[in-house]
Amino acid sequence: MTVNEIHEQLQARFGDAVGPLSEPKIDPFVIVKAERLVEVCRFLETGPGLELDHCNDVTAIDWPKRNLIEVVYHLFSYRHRHGIVLKVEADRANPVVPSVQDVWKAANWLEREVYDLFGVAFIGHPDLRRLLLPDDWQGHPLRKDYQEQGGYHGVSNVRENPLVELRRLDERRRAERPPPAPPALAPPSPSTPPAPPAPAKA
């Protein structure tokens with residue numbers, strides 16, 4: 001089934017809860033209203049001919065100027081070898097989206113990662129906590145206005161350019177190396193005796 005055909009089924013079933021398909025790209029997407037997201041996902045996962053049985057990824061895009069965070073779902077059917085991308089728009093000041101981990105178990109950790117790095121709260125998630133960073137980490141690093149906090153409990157988060165360190169090590173080795181010995185002078189070559197004169201002809 002093509003992505004256009006999947007989109008047509010969604011619009012026929014959910015009406016204006018499903019937006020238009022984006023312009024043709026590598027991964028065309030459709031925007032779904034947050035309050036219908038779980039219902040749409042269940043239909044995609046179980047609908048005859050659809051059976052999008054795998055949630056490849058859940059990620060997000062931060063749009064500060066639009067005051068939005070888009071949560072992005074990459075869905076795929078191993079049975080039918082087709083897929084579609086869904087997007088849900090959330091208020092950047094308080095991003096809240098329903099969890100789909102009851103539809104695809106793989107979404108559990110994927111949603112935790114988005115919560116950790118973007119600050120999106122997934123309502124209904126059974127264990128919504130940070131995945132990559134410590135629980136007391138301040139802020140969400142993939143937001144475009146994120147500011148470094150100067151380290152974590154005394155551990156610096158500033159690292160020197162490794163090329164600078166390599167150059168320093170190279171210069172230190174060069175300074176510690178003894179200077180090369182001057183090249184030895186070649187012994188003078190012995191002079192060649194002159195050839196004997198040719199005998200006179202009779």
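Residues numbered from 1 in each chain as written. Predicted model: local features only at pLDDT ≥ 70, side-chain atom pairs only at ≥ 80, totals over all residues. Heavy atoms only, no water.

## A look at the sheet that holds strand β3 (residues 54-63)
For step 1, the next point in the chain: Ordered in space as β1-β2-β5-β4-β3, the 5 strands form an open sheet in which the pairing is mixed. Only two strands of the sheet have a single neighbouring strand rather than two, namely β1 (18-21) and β3. Geometrically, the sheet is characterised by an average inter-axis angle of 25° between neighbouring strands, direction not taken into account.
For step 2, the next point in the chain: As defined by bridge partners, β3 adjoins strand β4 (residues 68-77) across 9 bridges and the pair is classed as antiparallel. Note that in β4 the partner of Ile 61 across the bridge is Glu 70.
For step 3, the next point in the chain: Contacts from helix α1 (residues 3-14) reach β1, β2 (29-32) and β5 (82-91), with the element oriented near 150° to β1.
For step 4, the next point in the chain: Contacts from helix α2 (residues 37-46) reach β1, β2, β4 and β5, with the element oriented near 175° to β5. (Pairing = 2+ DSSP bridges. Helix = DSSP H or I, 4+ residues; strand = E, 2+ residues; numbered from the N terminus. Axes fitted to C-alpha atoms, helices over the stretch in contact; angles between N-to-C directions. Contact = heavy atoms within 4.5 Å.)

## Some words on α1
For step 1, the next point in the chain: For α1, which comprises 12 residues, the first-to-last C-alpha distance of 16 Å matches the rise-based estimate of 16 Å (1.5 Å per residue) to within 8%.
For step 2, the next point in the chain: Of all the residues in α1, the buried ones are Val 3, Ile 6, His 7, Leu 10 and Phe 14. Seen from one end, α1 has its buried residues packed into an arc of 100°, which puts them on one side. What points out from α1, more than 90 degrees from its buried face, is the exposed set Glu 8 and Ala 12.
For step 3, the next point in the chain: The elements touched by buried residues of α1 are β1, β2, α2 and β5. (Expected span 1.5 Å × (residues − 1). Buried < 20%, exposed > 50% of the residue type's maximum accessible area, 1.4 Å probe, protein only. Arc of directions from axis to C-beta.)

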